[in-house]
Amino acid sequence: HDGNAHVIDVSQSVDLDHPRCLDFLREDLLHLGQFFAKAKVAVPTVREMFDFVTDPAITPANIDACLEALNTSALAREVR
């Protein structure tokens, strides 16, 4: 919002070694996308968001470029 990122929900978490941790992440990303799509905001696909969140190659040095690419991809699709 207004150029700032906001943490929406951090109340639930699981350890990375939990057998369903990636399933839970996908579900959270699905809900996040649905929330913003209802507000007519262009959102990346669940796969794009998942890949972004789990990509170990994203660093402080390249995160802005990665976010820009993610945004460009979301804007290229019609708002759901």
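Above this text you will find the structure in question.
What comes next is a walk through the structure. No experiment lies behind these values; they were computed from the predicted model shown. (Residues numbered from 1 in each chain as written. Predicted model: local features only at pLDDT ≥ 70, side-chain atom pairs only at ≥ 80, totals over all residues. Heavy atoms only, no water.)

Axes are the key here: two packed helices are described by the angle between their axes and the distance separating the axes. As a packed pair, helix α2 (residues 46–54) and helix α3 (residues 63–76) sit with axes 11 Å apart at the nearest point and diverge in direction by 175 degrees. In this view, α2 runs roughly antiparallel relative to α3, as classed from their interaxial angle. Taking contact as the criterion, the partners of Glu48, Met49 and Phe52 in α2 are, on α3, Ile63, Cys66, Leu67, Leu70 and Ser73. The residue makeup of the contact of α2 with α3, split by class, is six nonpolar, one polar and one charged. (Axes fitted to C-alpha atoms, helices over the stretch in contact; angles between N-to-C directions. Helix = DSSP H or I, 4+ residues; strand = E, 2+ residues; numbered from the N terminus. Parallel < 35°, antiparallel > 145°, perpendicular 65-115°, else oblique. Contact = heavy atoms within 4.5 Å. Nonpolar A, V, L, I, M, F, W, Y, C, P; charged D, E, K, R; others polar.)

This part is about the packing of aromatic side chains. Aromatic ring pairs are defined here through the distance separating the ring centres and the angle between the ring planes. The final tally for this structure, using the stated rule, is one aromatic pair. Relative to Phe36, the ring of Phe35 lies with its centre 5.0 Å away and its plane at 90 degrees, an arrangement referred to as edge-to-face. A relative accessible area of 54% places Phe35 in the exposed class. For Phe36, a relative accessible area of 28% corresponds to the partly exposed category. The side chain of Arg26 reaches across the aromatic face of Phe50, ending 4.3 Å from its centre. (Phe/Tyr/Trp six-rings, centres within 6.5 Å; stacked < 30°, edge-to-face > 60°. Buried < 20%, exposed > 50% of the residue type's maximum accessible area, 1.4 Å probe, protein only. Lys NZ or Arg CZ within 6 Å of the ring centre and 35° of its normal.)

This structure, assessed with the given rule, holds four salt bridges. Arg20 is the partner of Asp23 in a salt bridge, and the nearest nitrogen-oxygen pair spans 3.6 Å. Relative accessible area serves as the criterion here: at 42%, Arg20 is assigned to the partly exposed category. With its nearest N and O atoms 3.1 Å apart, the salt bridge here joins Asp51 to Arg47. Of the two residues, Asp51 and Arg47 are both situated in helix α2; the distance of four residues between them amounts to about one turn of the helix. Of the residues examined, Asp51 reaches a relative accessible area of 36% and is grouped as partly exposed. Via salt bridges that share partners, Arg20, Asp23 and Arg26 belong to a single interconnected network. (Salt bridge = Lys/Arg side-chain N within 4 Å of Asp/Glu carboxyl O.)

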